[in-house]
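Letter by letter, the chains look like this.
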Amino acid sequence: MVLALWVGVSVVVTVLVGLFVFGLRRRLIQRSGGTFDCSLRWDVSEEPDPSGKGWVYGVARYSGDRVDWFRVFSYAPRPRRGLERSAIEVIARRLPEGEEELALLSDSVVLGCLHRGTRLELAMSEDALTGFLAWLEAAPPGQRVNVA
């Protein structure tokens, strides 16, 4: 009986510590400001895939001339992807279709992009999209920016 109680308490404490670390990590990512919720689908085909597969929920953070993207459900302190402003080319903008609407946050807009030859999609709120496009267009003089 004592062993079962000890194991139960250990499991509860482990779960609570895990949740605390998730929250602390997100707070540390957002501490410097310039963050927004952003789902990512990397290396997609040219045809939109309405199945909702491949989307990963994350947080993006502006960092100078790049956007660092962090997975939400990860303990990694480093970004999973880094997108350089000069290498991003916006090629499409659309609303989520089919089962994508269930995989993404409500009121998301999907932005199709090319980054160094890799096709990817970013899904974010309309407000975050406005800020992202403004950030892309605010590149220093002499940098090439392609916004469709």
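Small disclaimer: the values here were computed from a predicted structure and weren't measured.

Moving on, we get to the domain arrangement of the chain. We note that the domain assignment places domain 1 (1–31) and domain 2 (34–137) within the chain. Taking the mean C-alpha position of each, domain 1 and domain 2 sit 30 Å from one another. Across the contact, 8 residues belong to domain 1 and 13 residues belong to domain 2. Counting the surface domain 1 buries against domain 2, the share from its top three residues, Phe-22, Arg-25 and Ile-29, is 64%.

All right, on to the sheet that holds strand β5 (residues 81–84) then. Taken in spatial order, the 4 strands make up an open sheet running β1-β3-β4-β5, and their pairing is antiparallel. Here the strands that pair on one side only, and so sit at the sheet edges, are β1 (35–37) and β5. Averaged over all pairs of adjacent strands, the angle between their axes in this sheet comes to 25 degrees, without regard to strand direction. Alignment of strand β3 (residues 58–63) against strand β4 (residues 66–71), held across 6 bridges, turns out to be antiparallel. Within β4, the residue paired with Ser-63 across the bridge is Arg-66.

As a further point, take the pattern of salt bridges. The tally for this structure, following the rule as stated, stands at 9 salt bridges. For Arg-66, the salt bridge goes to Glu-84, with nearest N and O atoms at 3.5 Å. With a gap of 18 residues between them, Arg-66 in strand β4 and Glu-84 in strand β5 connect regions that are remote in the sequence. According to the relative accessible area criterion, Arg-66 is partly exposed, its value standing at 29%.

Cut-off values and rules
- Residues numbered from 1 in each chain as written.
- Predicted model: local features only at pLDDT ≥ 70, side-chain atom pairs only at ≥ 80, totals over all residues.
- Heavy atoms only, no water.
- Domains from an automatic or database assignment.
- Contact = heavy atoms within 4.5 Å.
- Buried area = accessible area lost by both parts, 1.4 Å probe.
- Pairing = 2+ DSSP bridges.
- Helix = DSSP H or I, 4+ residues; strand = E, 2+ residues; numbered from the N terminus.
- Axes fitted to C-alpha atoms, helices over the stretch in contact; angles between N-to-C directions.
- Salt bridge = Lys/Arg side-chain N within 4 Å of Asp/Glu carboxyl O.
- Buried < 20%, exposed > 50% of the residue type's maximum accessible area, 1.4 Å probe, protein only.

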